[in-house]
Amino acid sequence: MTARFFSFGKDSMVDTFYAIGLVMRVCQSISLLELLHIYIGIESNHLFPRFLQLMERVVILFGVITSQEEIQEKY
């Protein structure tokens, strides 16, 4: 996002989500593996607080940003 901003200036804000949105969604989906790591025992954290953290991010990204085109164009 920073490289796009320095390259294109304020004009890059309009289509930044279209340029990096897929990568952002894939990375956030992969982060759900953290729950599996805690459940299996690879990490020694508490499952419920981490679950709430991840679900907040998933809801904001997929529920709000991805579904609302007006939000995708704002910076």
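Reading the values: the criteria
Residues numbered from 1 in each chain as written. Predicted model: local features only at pLDDT ≥ 70, side-chain atom pairs only at ≥ 80, totals over all residues. Heavy atoms only, no water. UniProt positions renumbered as here; feature names shortened; annotations may be inferred. Helix = DSSP H or I, 4+ residues; strand = E, 2+ residues; numbered from the N terminus. Expected span 1.5 Å × (residues − 1). Buried < 20%, exposed > 50% of the residue type's maximum accessible area, 1.4 Å probe, protein only. Contact = heavy atoms within 4.5 Å.

An unreviewed UniProt entry annotates the chain as Very-long-chain (3R)-3-hydroxyacyl-CoA dehydratase originating from Neotoma lepida. UniProt annotates the chain under Sequence similarities (unreviewed entry) with the comment "Belongs to the very long-chain fatty acids dehydratase HACD family." UniProt lists a comment for the chain under the heading Pathway (unreviewed entry), and it reads "Lipid metabolism; fatty acid biosynthesis."

Q: I keep staring at helix H2 (residues 16-30) and nothing clicks. Help me out?
A: Given 3.6 residues to a turn, an α-helix orients residues that are three or four positions apart in the same direction. The first and last C-alpha atoms of H2 sit 21 Å apart over 15 residues, in line with the 21 Å expected at 1.5 Å per residue. Taken together, the buried positions of H2 are Thr 16, Phe 17, Gly 21 and Gln 28. In the core, the buried residues of H2 are packed alongside helix H1 (2-8), helix H4 (47-65) and helix H5 (69-72).

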